[in-house]
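Chain by chain, the residues:
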Amino acid sequence: MEPYSFELPETLDFHSAESVYRPLQMLISGEKPPSAIVLDFKRVKSLDSAGAAVVDRLQKIAEQKNITLIRQNLAESISQTLQLFQLQEQQSTKKEEKPLFLEKVGDTGFSLLHSLGNLVLLLSNMMYWSFIAFFKPGLRRKDEVIHQSLNIGANALGIVGLISFLIGFVLALQSAAQLQLYGANIYVADLVALAMISEMGPLITAIMVAGRSGSAIAAEIATMQVSEEIDALKVMGIDPLPYLVVPKVYAITMTLPLLTMFANALGIMGGMLIGYTYLDIEILPFYNEVLSVLRYKEVFISLLKSFVFAWIIIVTGTYFGFKVKGGAEGVGRVTTASVVFSIFWVIVADSIIGLLFYFR
Amino acid sequence: MQTPIIEIKNLSSGYEEDVLILKDVNLTIYPNQITTILGTSGCGKTTLLKHLIGLLTPLEGELIVLGKNLAQIDENEMNSILRKMGVLFQNGALLNSISVAENIAIPLEQHTSLSKDLIEHLIRIKLELVGLSHAYHLLPSELSGGMRKRAALARALALDPQILFADEPSAGLDPVTTAALDHLLISLQKQLGMTVVVVTHEVNSIRRIADRVVYLDNGQILFSGTLDEALQSPLPQLQSFFS
Ligand SMILES: Nc1ncnc2c1ncn2[C@@H]1O[C@H](COP(=O)(O)OP(=O)(O)O)[C@@H](O)[C@H]1O
Ligand SMILES: [Mg+2]
């Protein structure tokens with residue numbers, strides 16, 4: 001068969017590359033390709049990397065189909081440019097192999113187990129250092145406990161208080177109509193007090209703190225990790241756990257229960273407002289009713305929950321902070337993951353504790 | 001003498017009102033040459049480059065790039081000038097959330113209508129030019145500092161720019177890779193007629209590639225001339241630099 005001849009345009013560059021490449025590529029990969037194709041460079045005056053890519057690419061696909069590509073009338077300067085932009089290395093044609101379904105299941109299971117192991121390891125390390133660093137304040141960053149307590153606790157008072165007040169208010173509002181039907185107005189106090197103290201108070205506070213401070217903890221540690229600050233600390237002989245994390249552990253373990261009590265109180269006040277305005281219950285009877293229904297058990301559960309939640313938040317924040325991969329964009333990823341993960345486990349723990357104490 | 005490709009006239013500028021970083025800079029850059037800019041760190045080299053690519057506007061003076069006065073052109077004209085420039089930033093400035101190949105694909109997809117396989121082929125060519133063939137699928141965070149620099153250079157070269165600005169391309173590179181990079185710059189200048197403006201401190205590199213040398217000292221041009229003139233200059237700063 002006659003070799004097919006193609007005359008290349010004067011300038012083979014970013015503008016004309018596609019219009020040269022497309023027809024020739026179709027010809028080569030088409031039904032009946034010629035056994036040889038002649039690229040005539042007679043007119044070509046200038047050629048850039050896009051032009052070189054066209055020639056090089058055509059060469060590669062022609063080779064695969066056993067077609068000879070002949071370059072004709074090649075000027076010296078054009079030939080040099082072609083050479084500069086010619087791919088030397090064999091393009092790796094190997095495709096990434098898709099893992100089998102069972103392999104994937106196995107891998108996922110293994111990595112879950114691995115993460116769980118790391119989490120447990122981190123938890124025990126944090127407990128150990130929290131104990132040790134209590135007696136050796138020199139291991140901790142100076143003034144950090146106070147700083148963190150202010151950050152995690154005091155600065156959250158406003159938002160936590162407001163939200164709890166609204167929750168108590170809404171709880172009372174929703175039940176008021178029902179209670180009124182039975183003339184059981186005063187029981188709104190019991191309802192709000194129990195619901196706030198054993199459930200809503202700890203939960204709302206923990207969710208707020210996970211969003212505010214858990215994310216900040218993860219982001220701070222992750223940022224230090226990717227910018228090699230953690231490595232620098234280690235080289236200077238400082239263990240990052242007692243130095244960075246333990247002050248936060250103390251701060252959150254102290255402030256989350258206090259915040260929770262504050263949230264409980266404001267929630268009950270929210271209920272009181274509804275009782276006063278909607279159900280005609282005076283403040284004092286409402287208050288007395290609240291006191292009469294509360295047992296040590298509720299207060300204890302409230303404190304226990306907030307303590308457990310505090311540890312869930314700090315451990316997940318720390319875990320994800322240290323787990324960061326990549327650069328700045330990795331920080332965003334682990335921060336989000338840490339918030340989602342800690343809120344999830346706070347709710348799981350809440351259910352478990354609820355079952356333990358109230359299931360009969 | 002050729003017509004200049006870049007002219008800087010009486011440029012004064014700074015980041016804050018009262019602190020001038022560049023003081024009355026006059027500089028002419030000719031096409032198809034490699035100009036190296038040297039000077040102690042903090043003397044204003046990066047600031048000067050940022051003016052040339054329109055990221056900073058001068059307090060006083062004129063910038064004429066490719067025949068256009070940057071102060072007098074609209075956004076469209078600026079874009080068509082930018083399309084002819086490739087810029088390698090001092091810290092690489094790769095987008096970290098996408099792979100090296102995707103980084104290089106950005107200018108190609110933005111400014112050309114090439115098909116997917118040609119773009120892929122071009123990316124491979126550019127990566128091979130800077131010696132990073134294996135980094136195609138990697139993320140910038142999986143590269144070393146010097147590799148990131150080279151990947152960023154590949155991105156700057158994606159569209160065969162008329163003018164290539166490179167801010168310390170060989171900082172953090174080993175001498176072998178630096179030499180390879182120098183040869184690449186020379187080939188690009190010879191074969192594509194590229195104008196190259198490089199900020200660099202590598203004396204060996206300057207000796208290899210420079211057509212012209214500019215010495216910036218505390219925001220002022222202390223010296224501007226050919227490589228030979230620079231080598232024979234009696235200025236103590238240049239002498240201590242080249243000795
Ligand atoms: N974004 C900025 N804001 C204020 N000052 C800056 C900024 N960037 C650089 N500078 C100052 O400008 C001067 C020159 O910086 P630069 O041009 O980066 O120097 P170099 O020659 O090392 O590239 C330095 O004194 C630096 O502190
Ligand atoms: Mg600089």
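Computed from a prediction, not measured in an experiment: that's the story for all the values here.

Rules used in this analysis
- Residues numbered from 1 in each chain as written.
- Chains lettered and ligands numbered in written order.
- Predicted model: local features only at pLDDT ≥ 70, side-chain atom pairs only at ≥ 80, totals over all residues.
- Heavy atoms only, no water.
- Helix = DSSP H or I, 4+ residues; strand = E, 2+ residues; numbered from the N terminus.
- Rg over C-alpha atoms; globule rule 2.2 N^0.38 Å.
- Buried < 20%, exposed > 50% of the residue type's maximum accessible area, 1.4 Å probe, protein only.
- Contact = heavy atoms within 4.5 Å.
- Areas by Shrake-Rupley, 256 points an atom, 1.4 Å probe, with all protein chains shown as cover.
- Lys, Arg positive; Asp, Glu negative; His and termini not counted.
- Charge placed at Lys NZ, Arg CZ, Asp CG, Glu CD.
- Donors = N, O, S within 2.8 Å, 3.2 Å for Na, K, Ca; no water.
- Near = heavy atom within 4 Å.
- Polar contact = N/O pair within 3.5 Å; in protein donor to acceptor, adjacent residues only side chain to side chain.
- Nonpolar A, V, L, I, M, F, W, Y, C, P; charged D, E, K, R; others polar.
- Core = buried A, V, L, I, M, F, W, Y, C linked by side-chain atoms within 4.5 Å.
- UniProt positions renumbered as here; feature names shortened; annotations may be inferred.
- Arc of directions from axis to C-beta.
- Pairing = 2+ DSSP bridges.
- Axes fitted to C-alpha atoms, helices over the stretch in contact; angles between N-to-C directions.
- Left-handed = near helix turned anticlockwise from the far one by under 90°.
- Domains from an automatic or database assignment.
- Buried area = accessible area lost by both parts, 1.4 Å probe.
- Salt bridge = Lys/Arg side-chain N within 4 Å of Asp/Glu carboxyl O.

### Re the overall build of chain B
- For chain B, the count of helices and strands is 9 helices and 10 strands.
- Relative to a compact globule of 243 residues, whose C-alpha radius of gyration would be 18 Å, chain B shows 18 Å and is just as compact.
- Projecting the C-alpha coordinates of chain B onto the three principal axes gives extents of approximately 50 × 45 × 35 Å.
- When the 243 residues of chain B are sorted by exposure, 53% land in the buried category.
- Long-range pairs, those at least 24 residues apart, make up 66% of the contacts in chain B between residues at least 6 apart in sequence.
- Working note: accessible area of chain B is about 10,800 Å², and carbon and sulfur atoms make up 48% of it.
- Side-chain charges in chain B split into 18 positive and 26 negative, and the spacing between the mean points of these groups amounts to 5 Å.

### Here's the deal with the coordination of the magnesium ion (ligand 2)
Residue and element names in this part refer to chain B.
- With distances of 2.0 to 2.3 Å, the protein atoms coordinating the magnesium ion (ligand 2) are Thr46 (OG1) and Gln90 (OE1). Of the two residues, Thr46 is situated in helix α1 (residues 45–52) and Gln90 in the loop between β6 (85–88) and α3 (100–111); the sequence distance between them amounts to 44 residues.
- Given a relative accessible area of 36%, Gln90 falls into the partly exposed group.

### Structural notes on the site of ligand 1
Residues and elements named next belong to chain B.
- Around ligand 1 sit Tyr15, Ile21, Ser41, Gly42, Cys43, Gly44, Lys45, Thr46 and Thr47, and that is every residue in its neighbourhood.
- In this structure, a nitrogen atom belonging to ligand 1 sits 3.4 Å away from a side-chain N or O atom of Tyr15.
- Contact with the protein chains covers 58% of the free accessible surface of ligand 1, which is 560 Å².
- When its residues are assigned to classes, the shell around ligand 1 shows 3 nonpolar, 5 polar and 1 charged.

### Observations regarding the nonpolar core
- Of all hydrophobic cores here, the largest spans 70 residues; its most connected members are A:Phe41 and B:Ile123.
- Residues within four places of B:Ile123 in sequence aside, it is in contact with B:Ala101, B:Ile104, B:Ala105, B:Leu108 and B:Tyr136.
- Counting 44 residues, the second largest nonpolar core, distinct from the first, contains A:Val145, A:Ala206, A:Val209 and A:Ala210.

### Digging into the UniProt feature "domain: STAS" (unreviewed entry) in chain A
- Taken from the UniProt record, the annotation "domain: STAS" (unreviewed entry) applies to residues 6–89 of chain A.
- Here residues 6–89 of chain A is 45% helix and 19% strand, with 27 Å between the C-alpha atoms at its ends.

### Notes on the environment of A:Ile132
- Along the polypeptide, A:Ile132 turns up in helix α4 (residues 101–135).
- Accessibility expressed as a relative area gives 22% for A:Ile132, which makes it partly exposed.

### Overview of helix α3 (residues 76–84) of chain A
Residue and element names in this part refer to chain A.
- Within α3, the full set of buried residues consists of Ile78, Thr81, Leu82 and Leu84. Buried positions in α3, seen along its axis, are confined to an arc of 160 degrees and lie on one side of it. In α3, the exposed residues that point more than 90 degrees away from the buried face are Glu76 and Gln83.

### Concerning unusual backbone geometry
- One non-glycine residue, A:Asn73, lies in the positive phi region at around 55 degrees.
- You can see A:Asn73 is positioned in the loop between β5 (68–72) and α3.
- With a phi close to 50 degrees, B:Asp24 is a non-glycine residue in the positive phi region.
- Here B:Asp24 shows up in strand β2 (residues 22–29).
- We classify B:Asp24 as partly exposed; its relative accessible area is 44%.

### What about the interface of chain A and chain B?
- Counting from both sides, the interface comprises 28 residues of chain A and, opposite them, 26 residues of chain B.
- Across the chain A-chain B interface, the total number found is 7 residue pairs in polar contact (both at pLDDT 80 or more).
- Breaking the side of chain A that touches chain B down by element, the ones donating at least two residues are α1 (17–29), α2 (49–64) and α3 of chain A.
- By residue number, the principal contributor to the side of chain A that touches chain B is α2(A), which donates 7 residues.

### Section: the sheet that holds β5(A)
Residues and elements named next belong to chain A.
- Judged by pairing direction, the sheet is parallel, and its 3 strands sit side by side in the order β1-β3-β5 without closing on themselves. The open sheet has two edge strands, β1 (4–7) and β5, and neither has a second partner. For this sheet, the mean angle separating the axes of adjacent strands, direction not counted, is 20 degrees.
- Of the pairings in the sheet, the one linking strand β3 (residues 36–40) to β5 comprises 5 bridges and is parallel in character. Along β5, the bridge assignment pairs Ala36 with Thr68.
- α2 contacts β3 and β5 of the sheet and is inclined by roughly 150 degrees relative to β5.

### What about the packing of helix α9 (residues 240–278) of chain A against helix α11 (residues 296–323) of chain A?
All names here are of chain A.
- The contact between α9 and α11 brings their axes to 9 Å, and the two run at 145 degrees. Regarding α9 and α11, the two cross each other, and that crossing is right-handed. Residues Pro240, Leu241, Val245, Lys248, Val249, Ile252, Thr253, Leu256, Pro257, Thr260, Met261 and Asn264 of α9 form the contact with α11, whose participating residues are Val299, Ser302, Leu303, Ser306, Phe307, Phe309, Ala310, Trp311, Ile313, Ile314, Thr318 and Phe322.
- Split by residue class, the contact of α9 with α11 holds 17 nonpolar, 6 polar and 1 charged.

### Description of the domain arrangement of chain B
All names here are of chain B.
- Each domain of chain B was delimited in the assignment, giving domain 1 (1–84 + 164–242) and domain 2 (92–160).
- With 14 residues of domain 1 at the contact, the number on the domain 2 side is 11 residues.
- Of the roughly 1,100 Å² buried at the junction of domain 1 and domain 2 (both faces included), carbon and sulfur atoms supply 75%.
- Together, Arg83, Leu164 and Leu184 form the three largest contributors to the area buried by domain 1 at its contact with domain 2, with a combined 41%.
- Scanning the region where domain 1 abuts domain 2 turns up 0 salt bridges.
- There are 1 residue pair in polar contact (both at pLDDT 80 or more) connecting domain 1 and domain 2.
- Mapped onto the side of domain 1 that touches domain 2, the elements with two or more residues apiece are β7 (163–167) and α6 (175–192).
- At 5 residues, the largest contribution of residues to the side of domain 1 that touches domain 2 is made by α6.

### Details of the pattern of salt bridges
- Under the counting rule described, the total for this entry stands at 13 salt bridges over all chains.
- Measuring nitrogen to oxygen at the nearest pair gives 2.8 Å for the salt bridge that ties A:Lys305 to A:Asp350. Here the residue A:Lys305 occupies a position in helix α11, and A:Asp350 occupies one in helix α12 (residues 328–358), the gap between them amounting to 45 residues.
- Judged by its relative accessible area of 6%, A:Asp350 is buried.
- Between B:Lys126 and B:Asp160 there is a salt bridge; the shortest N-O distance is 3.0 Å. Placement of the pair is B:Lys126 in helix α4 (residues 116–129) and B:Asp160 in the loop between α5 (145–156) and β7, with a sequence separation of 34 residues.

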